[in-house]
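Residues per chain are reported as follows:
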Amino acid sequence: MSAQTVPTTVEEVVRQRLSLAVGGWRGLLDSALPGVAFLVAWTTTQDLWTAVGASVAVMLVAVAVRVVRRETVQHALGGLLVLVVAAVVASRTGRAGDVFLPGILLNAALAVVFAVSMVTRWPVVGFLVGAVVEEPTRWRRDPGVVALCQKLTALLLAGYVLRVAVQLPLYLADDVTGLAVAKLLLGWPLLVLGLVVASVVLLRGRTPLAPPEERVAG
């Protein structure tokens with residue numbers, strides 16, 4: 001197995017970290033298929049538990065495939081946990097639309113966190129950079145790095161805000177089919193679009209990991 005390339009620029013660090021965060025194309029597929037299963041089962045049967053069962057079954061298959069292939073099950077298990085929480089919430093309320101409530105609340109919470117991080121100029125993406133250097137907060141010494149992390153954090157924030165803005169009205173209207181379609185379209189397709197835009201931003205610069213004073217001293 002070849003050693004992973006050691007990043008020398010902020011852009012390389014962020015690219016590596018984003019790839020790990022989504023789990024590559026397999027991770028995107030694992031996150032998309034349960035939503036497809038739910039949508040197909042719901043539109044066919046209009047039965048909540050049949051749709052949830054289909055989603056869980058698909059996710060369990062994804063976990064099993066990863067175990068057999070000796071691959072990480074982190075992303076698949078994360079999706080399974082979300083499904084279980086959603087099913088528990090829906091079972092308590094009896095409303096099919098409540099399957100989507102945990103996801104809406106999670107996106108709203110992340111939107112608040114990302115927005116606060118930008119206002120305070122401690123953008124969340126900056127901590128991805130800090131995780132690979134000896135001093136976790138050293139990235140804040142370089143205005144260029146902070147500016148880049150602000151842009152990428154804003155890009156991720158836009159995705160969270162868009163999901164809440166689209167899904168919350170559908171939830172309030174108890175439009176389960178609309179919620180299933182919105183969750184599917186605003187899931188991996190939006191994530192892929194965000195990654196493409198982020199890649200364009202990252203390919204336009206080569207910001208060294210070391211802050212300006214260390215680059216001059218070196």
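None of these values were measured; they are calculated from a predicted model. (Residues numbered from 1 in each chain as written. Predicted model: local features only at pLDDT ≥ 70, side-chain atom pairs only at ≥ 80, totals over all residues. Heavy atoms only, no water.)

Draft legend 1. A look at the pattern of salt bridges. Taken as a whole and assessed by the stated rule, the structure comprises 2 salt bridges. The salt bridge involving Asp-174 is made with Arg-95; its shortest N-O contact spans 3.3 Å. A residue pair is termed long-range when its members are at least 10 positions apart, and Asp-174 in the loop between helix H7 (143-172) and helix H8 (176-185) and Arg-95 in the loop between helix H4 (74-93) and helix H5 (101-119) qualify at 79 residues. The exposure class assigned to Asp-174 is partly exposed, which follows from its relative accessible area of 40%. (Salt bridge = Lys/Arg side-chain N within 4 Å of Asp/Glu carboxyl O. Helix = DSSP H or I, 4+ residues; strand = E, 2+ residues; numbered from the N terminus. Buried < 20%, exposed > 50% of the residue type's maximum accessible area, 1.4 Å probe, protein only.)

Draft legend 2. Seen up close, the nonpolar core. Counting residues in hydrophobic clusters, the biggest one holds 19 residues, and the most contacted among them are Phe-38, Trp-42, Leu-48, Val-52, Val-99, Phe-100 and Val-176. Broken down by secondary-structure element, the contributors of at least two residues to this core are helix H2 (24-45), helix H3 (48-68), H4 and H8. The residues contacting Val-176, other than those within four sequence positions of it, are Phe-38, Trp-42, Ala-96, Gly-97 and Phe-100. Counting residues in hydrophobic clusters, the runner-up holds 10 residues, among them Val-14, Val-129, Cys-149 and Leu-152. (Core = buried A, V, L, I, M, F, W, Y, C linked by side-chain atoms within 4.5 Å. Contact = heavy atoms within 4.5 Å.)

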